[in-house]
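Descriptive analysis of the structure
What follows is the residue order along each chain.
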Amino acid sequence: MPFTAHAGARLYWRLEGDRRLPPLVLLHSIGTEKGVYDRAAPFLMESHRILRIDMRGHGASDAPAGDYSLALMADDVRAVMDAAGAERAVICGTSLGGMVAMQFALDRAERLS
């Protein structure tokens, strides 16, 4: 299981698909985990390499005490992308994941494709 340590939490992630394809980061909604995209992943892997993250406080990732700001969670995404070797990616999120994706776009537009 790949984990990345960042800002007091171990973050679980999974990278799947053809290395020649561009990466697509999928961010789940609150109260769920990366598995929410299990049924869609095979279809998405036809055109992208899929990076799914259990955001802090969810799934197999740590849930440290304290507030989780959107900026912190967006920086978690950056840390996981770095660990996965994804310099740039398309980012898609549902609900909370969508808000984290928008914060990532504000903070790190150069990392978006």
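What this report covers is the structure whose coordinates are included nearby. Residue positions within a chain follow its written sequence, with the count starting from 1. Owing to the predicted nature of the model, reporting of local features is limited to residues with pLDDT of at least 70; listing and counting of side-chain atom pairs is limited to 80 or more, with chain, interface and lining totals taken over all residues. Side-chain numbers here rest on the full set of heavy atoms in the structure, without hydrogens or water.

**Here's the deal with the pairing of strand β4 (residues 49-54)**
Exposure categories follow from relative accessible area, calculated using a 1.4 Å probe and restricted to protein chains: below 20% of the type maximum is buried, above 50% is exposed, and the middle band is partly exposed. Working definition: helices are DSSP H or I runs of at least four residues, strands are E runs of at least two. Numbering for both runs from the N terminus. Most of β4 is tucked away: six of the six residues are buried. Neither face of β4 is exposed, since R49, L51 and I53 on one face and I50, R52 and D54 on the opposite face are all buried. Strand pairing is assigned whenever DSSP identifies at least 2 bridges connecting the two strands. Where strand β2 (residues 9-16) meets β4, five bridges bridge the pair, whose relative direction is antiparallel. What sits directly across from L15, in β4, is L51. Note that strand β3 (residues 23-27) and β4 share five bridges and pair parallel. Of the residues in β4, the one forming a bridge with L26 is R52.

None of the figures reported here should be taken as evidence of function without further support.
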